[in-house]
Amino acid sequence: MLERFRSVAQVDVIIPVFNTPIKYLIEAISSLRAQLFNDWCAWIVDDGSRDEYGAQLKAQLEMIGDARIHYLYTEHKMATGSRNVAITRGTAPYVAFLDSDDCWMPHHLANQVAVLNELDGISLVHGYFKVIDSEGCAIDSAPPWQGLNELSLTESFVKMLKGNFIGASTVVVRRKILEDVKGFDATYPSLGDKELWLRMLSAGAKFHYEPNASVLYRVHPGNISKNTDLLLATRRRIIQLAEKLILENTSFSKIDWPTLKREMSRHKFREASEVHFAEGRYAKAIKYGAPWYSGVTSRATSIMLRSCVALVVGIFTTGR
């Protein structure tokens, strides 16, 4: 078993909390306190949780009694805004993010900080994560990404536009780049991490990916529901941001923006179609899965056909 050690580097760990089941939060904090790298300061940001929940949270933190853990309260700002609150309170050269329902493996901070200490040109290090269910049992995880560290800045930017390849709970980032880009945009109710990564890349930040898992990402009913209309609107904002960054940054001059924009637009409608289908709104699933919205793909066609069948079955069932 590896011995604990203390590094000259220091990390501010930011954990936003909004009515997270206490058992998940306690597991997250326990995983933090079990880190082999122990030169950290944690900021637990209560993002306007219910009064009774806040009281329970503070009582739990008092029971833990770790002087490295600090409690902050803010009116509800969502994860982006509450992370900003903690960023401004901290002073450490490195900042790490841990969602309140995820867990770190003991070597997580040690590995990520070592990369930043060794590679001066890297602004942010992230990594592979394994997926667990609500009870902490492992479920199927996608394989690690391949070739991320060989991508150019432009290639990384385009790949990020096509899909967020960074798990927020795996990130340790230099404070300087966070301050340079002015942190998260708190007006984003979702996709706020992707928006930040895009602005960092546009500012010239280089990312490094660690393929060995050091984070457990928890999937449970509380974090998989989606407000489809809000998500669509946020996807539109991401497209607008991308267009602005591409036009402003001469490094991105070779990007085929018209084609990429069309691909991103179709993706947002395919995503909306899938969410509507999963939640039983079959008419909207058909609408957004149509070729003039989603393009022609086997997945979109499948969703449309299954939605049509579900509507017909529902009509006959109701008729009876």
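Cut-offs and rules
Residues numbered from 1 in each chain as written. Predicted model: local features only at pLDDT ≥ 70, side-chain atom pairs only at ≥ 80, totals over all residues. Heavy atoms only, no water. pLDDT = per-residue confidence, 0-100. Contact = heavy atoms within 4.5 Å. Helix = DSSP H or I, 4+ residues; strand = E, 2+ residues; numbered from the N terminus. Buried < 20%, exposed > 50% of the residue type's maximum accessible area, 1.4 Å probe, protein only. Polar contact = N/O pair within 3.5 Å; in protein donor to acceptor, adjacent residues only side chain to side chain. Phe/Tyr/Trp six-rings, centres within 6.5 Å; stacked < 30°, edge-to-face > 60°. Lys NZ or Arg CZ within 6 Å of the ring centre and 35° of its normal. Axes fitted to C-alpha atoms, helices over the stretch in contact; angles between N-to-C directions. Parallel < 35°, antiparallel > 145°, perpendicular 65-115°, else oblique. Left-handed = near helix turned anticlockwise from the far one by under 90°. Salt bridge = Lys/Arg side-chain N within 4 Å of Asp/Glu carboxyl O.

**Some details on the confidence of the model for the protein**
In this model, the protein carries a mean pLDDT of 91, and residues with pLDDT of at least 70 account for 95%. Low confidence marks residues 1-9, where pLDDT is under 50. Its contacts with residues over four positions away, or in another chain, come to 22 contacts.

**Let's talk about the side chain of R175**
Position of R175 among the secondary structure elements: in helix α6 (residues 175-180). A relative accessible area of 8% means that R175 is categorised as buried. A distance of 3.4 Å separates a polar atom in the side chain of R175 from the backbone oxygen of G90. Leaving out residues up to four positions away in the same chain, R175 has contacts with D12, I87, G90, T91, A92, P93, Y94 and V95.

**Points about the packing of aromatic side chains**
The geometry of two aromatic rings is summed up by the distance between their centres and the angle between their planes. A full pass over the atoms with the stated rule returns eight aromatic pairs. Between the aromatic rings of F269 and Y288, the centroid separation amounts to 5.7 Å while the plane-to-plane angle is 10°, which identifies the pairing as stacked. A residue pair is termed long-range when its members are at least 10 positions apart, and F269 in helix α9 (residues 257-278) and Y288 in helix α10 (residues 282-289) qualify at 19 residues. We classify F269 as buried; its relative accessible area is 11%. For Y288, a relative accessible area of 11% gives the class buried. Pairing F269 with Y293 gives two aromatic rings, centres 4.6 Å apart and planes at 55°, and the pair type is tilted. Here Y293 lies in helix α11 (residues 291-294) and F269 lies in helix α9, a separation of 24 residues in the sequence. One aromatic cluster in this structure is built from F269, Y288 and Y293. Stacked on the ring of F97, the Lys or Arg R83 has its end atom at 5.5 Å from the ring centre. Cation over ring: R237 sits above Y188, and NZ or CZ is 4.0 Å from the ring centre.

**Some points on the packing of helix α5 (residues 153-162) against helix α7 (residues 192-202)**
Where α5 contacts α7, the axes come no closer than 10 Å and their chain directions differ by 165°. In terms of orientation, α5 lies roughly antiparallel with respect to α7. Viewed along their axes, α5 and α7 form a crossing whose handedness is left-handed. Where α5 approaches α7, its residues L153, S156, F157, M160, L161 and K162 are matched on the opposing element by K194, W197, L198 and L201.

**Details of the pattern of salt bridges**
Under the criterion given, the structure shown has 15 salt bridges. Where R175 meets D12, a salt bridge forms, and the shortest distance between an N and an O atom there is 2.6 Å. Taken as a pair, R175 in helix α6 and D12 in strand β1 (residues 11-17) lie far apart in primary sequence, 163 residues in all. By the burial criterion, R175 is buried, and D12 matches it. Its salt-bridge partner being D185, residue R237 comes within 3.8 Å of it at the nearest N-O pair. Separated by 52 residues along the polypeptide, R237 in helix α8 (residues 228-248) and D185 in the loop between α6 and α7 bring together distant segments of the chain.

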